[in-house]
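Here's the letter readout for the chains.
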Amino acid sequence: MAIVVFGLADLVTSSAGSATFLRLLDGPLDLSWSHCSMTSDFIAEITALRYRRLRQVYHQVRHDIGYVANELIENAVKFRVSGEIDISASIDGERFRMKVSNFIDNENATRFQHLLSHITADDPAELLIRQIEKNAALTFGTESGLGLLTLMSDYDAELAWVFDANRPSGRTRLETYAALPVPSVQNG
């Protein structure tokens, strides 16, 4: 397997101006769900500060960015193999942009690509409803893509994924990209 891209290719090729870079290290305490929440809250807070003059806009932007960031970071923690998780976040015009990079095993990469081929092929709102109905009928957990479909349907997030399995370790480098509409600074 070579490099495979799913989603909107322009998210992968375009570069944002200045960005905040974070690295979550895999250490003796291990990465956990609390790290996802704290990191996404930090990203949301520093990004939303530019809107602090308008309280309602500030809270909405902070919430939306926090939700998107938390979903992407949780997925990285949940499906990763040992190693760090790199995160970059920025606002580029009227779009919040985020990239999360981590390693996953090749088996998870194949399953995830199969899932992405389904959730990127149709209308996210329709797929979200069908997946909710399907999950309600199941009695056990599943890798359903509900979080990603929610980002695309309810938050108008644009997403892209790059899989790079050209590695001697048997692991696949996964880069997840997201862009979310935000008000311009002049309006905020």
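Basis of the calculations
Residue positions are given per chain, counting from 1 as you read along its sequence in written order. Note on the predicted model: pLDDT of at least 70 is required for a residue's local features to be given, and 80 or more for side-chain atom pairs to be given and counted; whole-chain, interface and lining totals, by contrast, use all residues. Note that the side-chain values use all heavy atoms of the structure and ignore hydrogens as well as water. The numbering of helices and of strands both runs from the N terminus, where a helix is a DSSP run of H or I of at least 4 residues and a strand a run of E of at least 2. Residue exposure (1.4 Å probe, protein chains only): buried if accessible area is under 20% of the type maximum, exposed if over 50%, otherwise partly exposed. The contact criterion used is simple: two residues touch if any of their non-hydrogen atoms lie within 4.5 Å. Computed with the Shrake-Rupley method and a 1.4 Å probe, the accessible areas treat only the protein chains shown as cover for residues. Definition used for salt bridges: Asp or Glu carboxyl oxygen within 4 Å of a side-chain nitrogen of Lys or Arg. Each patch is built from residues lacking any salt bridge and having more than 30% relative accessible area; the joining distance is 9 Å for like charges and 5 Å for nonpolar side chains (Val, Leu, Ile, Met, Phe, Trp, Tyr). Only Phe, Tyr and Trp rings are paired, with Trp represented by its six-membered ring, and only when their centres lie within 6.5 Å; those with planes under 30 degrees apart are stacked, over 60 edge-to-face, the remainder tilted. By the criterion adopted, a ring carries a charge over it if an Arg CZ or a Lys NZ lies within 6 Å of its centre and within 35 degrees of its normal.

Going by an unreviewed UniProt entry, the protein carries the name ATP-binding protein and comes from Rhizobium mayense.

**Topic: the overall build of the protein**
When its secondary structure is counted, the protein shows 6 helices and 6 strands. For the protein, the N- to C-terminal ordering of α and β elements is β-α-β-α-α-β-β-α-α-α-β-β. Looking at the protein residue by residue over its 188 residues, the buried ones come to 44%. Considering only residue pairs separated by 6 or more positions, the protein has 70% of its internal contacts joining residues 24 or more positions apart. With the model as given, the accessible surface of the protein reaches about 10,000 Å², and the carbon-plus-sulfur share is 53%.

**Section: the environment of Asn 102**
Examined against the element boundaries, Asn 102 turns out to sit in strand 4 (residues 95–105). Taking the C-alpha atoms as reference, Asn 102 lies 8.8 Å from Thr 176; in sequence the two are 74 residues apart. For Asn 102, the residues in contact, after removing those within four places along its chain, are Ala 76, Arg 80, Glu 84, Ile 85, Thr 172, Arg 173 and Leu 174.

**Notes on the pattern of salt bridges**
Using the criterion set out here, one finds 5 salt bridges in the structure. The salt bridge partner of Arg 95 is Glu 158, with a shortest N-O separation of 2.9 Å. One end of the pair, Arg 95, is in strand 4; the other, Glu 158, is in strand 5 (residues 158–164), with 63 residues separating them in the sequence. The partly exposed category is assigned to Glu 158, whose relative accessible area is 28%. A salt bridge links Lys 99 to Glu 175, with the shortest nitrogen-to-oxygen separation between them at 3.7 Å. With Lys 99 in strand 4 and Glu 175 in strand 6 (residues 171–181), this pair connects stretches of sequence that are 76 residues apart.

**Some remarks on a nonpolar patch on the surface**
The grouping of Phe 42, Ile 46 and Leu 49 at the surface amounts to a nonpolar patch, some 230 Å² of accessible area in total. When you line up the elements, Leu 49 lands in the loop between helix 2 (33–48) and helix 3 (55–79).

**Comments concerning the packing of aromatic side chains**
The tally for this structure, following the rule as stated, stands at 3 aromatic pairs. Ring plane angle 85° and centroid distance 6.2 Å describe the contact between Phe 112 and Trp 161, whose orientation is recorded as edge-to-face. Separated by 49 residues along the polypeptide, Phe 112 in helix 4 (residues 106–119) and Trp 161 in strand 5 bring together distant segments of the chain. Exposure class is identical for Phe 112 and Trp 161. Each is buried. The ring of Phe 103 is capped by Arg 171, whose NZ or CZ atom sits 4.1 Å from the centre of that ring.

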